[in-house]
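# Residue-level structural notes
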Amino acid sequence: MRTVNFTQLRQNLAAELDSVINDAEEVVVTRSGHDPVVIVPLAEYESMKETEYLLRTPSNAAALRRSMEELEKGDAAERDLIDPATVRDVA
């Protein structure tokens, strides 16, 4: 993770943003008297938010961990996805 100060960022904004995308490396921006901020690619941010959402509920987090353990042990099976358009409403 690289660090730049606000002045450097302002002088090289386009290049810094391109670097974040092309190198997939976050940039920490510091400003005197302010908390630092981090610039990340949108896809990375969305991934972090999704992970946080999935792990927020303890039961869901436990189920995900069990699934990961099964996969690591080789106890997983590949399944085809169900096409919602082919499923009849039974309600």
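This text follows the structure it describes.
Before going into details, it helps to say that this report is about the structure given with it. Owing to the predicted nature of the structure, the values given are computational and were not obtained by experimental measurement. The residue count restarts for each chain, going from 1 along the sequence in the order it is written. A pLDDT threshold of at least 70 governs which residues receive local features in this predicted model, and a stricter bar of 80 or more applies before side-chain atom pairs are shown or counted, although totals over entire chains, interfaces and linings include all residues. Computation of side-chain values covers all heavy atoms of the structure but excludes hydrogens and water.

## Remarks on the environment of glutamate 69
Comment: elements are numbered from the N terminus, with helices defined as DSSP H or I runs of at least four residues and strands as E runs of at least two. Checked against the element boundaries, glutamate 69 lands in helix 4 (residues 58-73). The rule is simple: take the accessible area with a 1.4 Å probe, protein chains only, and divide by the maximum for that residue type; under 20% is buried, over 50% is exposed, in between is partly exposed. For glutamate 69, a relative accessible area of 44% gives the class partly exposed. C-alpha of glutamate 69 to C-alpha of leucine 17: the two residues are 52 residues apart in sequence and 37 Å apart in space.

## Quick word on the nonpolar core
Core analysis: the largest hydrophobic core is formed by five residues, namely Val4, Leu9, Val20, Val27 and Val29. Not counting chain neighbours up to four residues away, the residues in contact with leucine 9 comprise Val4, Glu16, Val29 and Ile39. Note on terminology: a nonpolar core comprises buried Ala, Val, Leu, Ile, Met, Phe, Trp, Tyr and Cys residues joined through side-chain atoms within 4.5 Å. Should any heavy atoms of two residues lie within 4.5 Å, those residues are considered in contact.

## Some thoughts on the pattern of salt bridges
For this analysis, a salt bridge means a side-chain nitrogen from Lys or Arg found within 4 Å of a carboxyl oxygen belonging to Asp or Glu. One pass over the structure, following the stated rule, counts three salt bridges. The salt bridge involving arginine 2 is made with glutamate 16; its shortest N-O contact spans 2.4 Å. Taken as a pair, arginine 2 in strand 1 (residues 2-5) and glutamate 16 in helix 2 (residues 13-23) lie far apart in primary sequence, 14 residues in all. In this structure, arginine 56 and glutamate 52 form a salt bridge, with 3.1 Å as the shortest nitrogen-oxygen distance. Remark: glutamate 52 and arginine 56 occur in helix 3 (residues 42-56); sequence separation between them is four residues, near one turn of the helix.

## Thoughts on the side chain of serine 19
Within the secondary structure, serine 19 sits in helix 2. For serine 19, a relative accessible area of 16% translates into the label buried. Discounting residues that sit within four places of it in the chain, serine 19 has contacts with Arg2 and Ala24.

## Quick word on a negative patch on the surface
Residues forming no salt bridge and having over 30% relative accessible area are the ones grouped into patches, like charges within 9 Å of each other and nonpolar side chains (Val, Leu, Ile, Met, Phe, Trp, Tyr) within 5 Å. Working definition of accessibility: Shrake-Rupley area with a 1.4 Å probe, residue cover restricted to the visible protein chains. A positive count includes Lys and Arg, and a negative count includes Asp and Glu. His and the chain ends are not counted in either. Charge placement uses NZ in Lys and CZ in Arg. For Asp and Glu, CG and CD serve respectively. On the surface, Glu69, Glu70, Glu72 and Asp75 cluster together into a negatively charged patch. Assignment of secondary structure puts glutamate 70 in helix 4.

## Here we look at the packing of helix 3 against helix 4
Where helices are involved, their axes are fitted lines through C-alpha atoms of the stretch in contact, as for all axes, and angles between N-to-C directions lie from 0 to 180°. The geometry of helix 3 relative to helix 4 is characterised by a closest axis approach of 5 Å and an angle of 105° between their N-to-C directions. Regarding the angle of helix 3 to helix 4, the classification is roughly perpendicular. From helix 3, Leu54, Leu55 and Arg56 reach across to helix 4, where they touch Pro58, Asn60, Ala61 and Leu64. Looking at the contact of helix 3 with helix 4 residue by residue, the classes come out as five nonpolar, one polar and one charged. Each angle receives one of four descriptions, namely roughly parallel if under 35 degrees, roughly antiparallel if over 145, roughly perpendicular if within 65 to 115, and oblique otherwise. By the convention adopted, Pro, Cys, Tyr, Trp, Phe, Met, Ile, Leu, Val and Ala count as nonpolar, Lys, Arg, Asp and Glu as charged, and the other residues, Gly among them, as polar.

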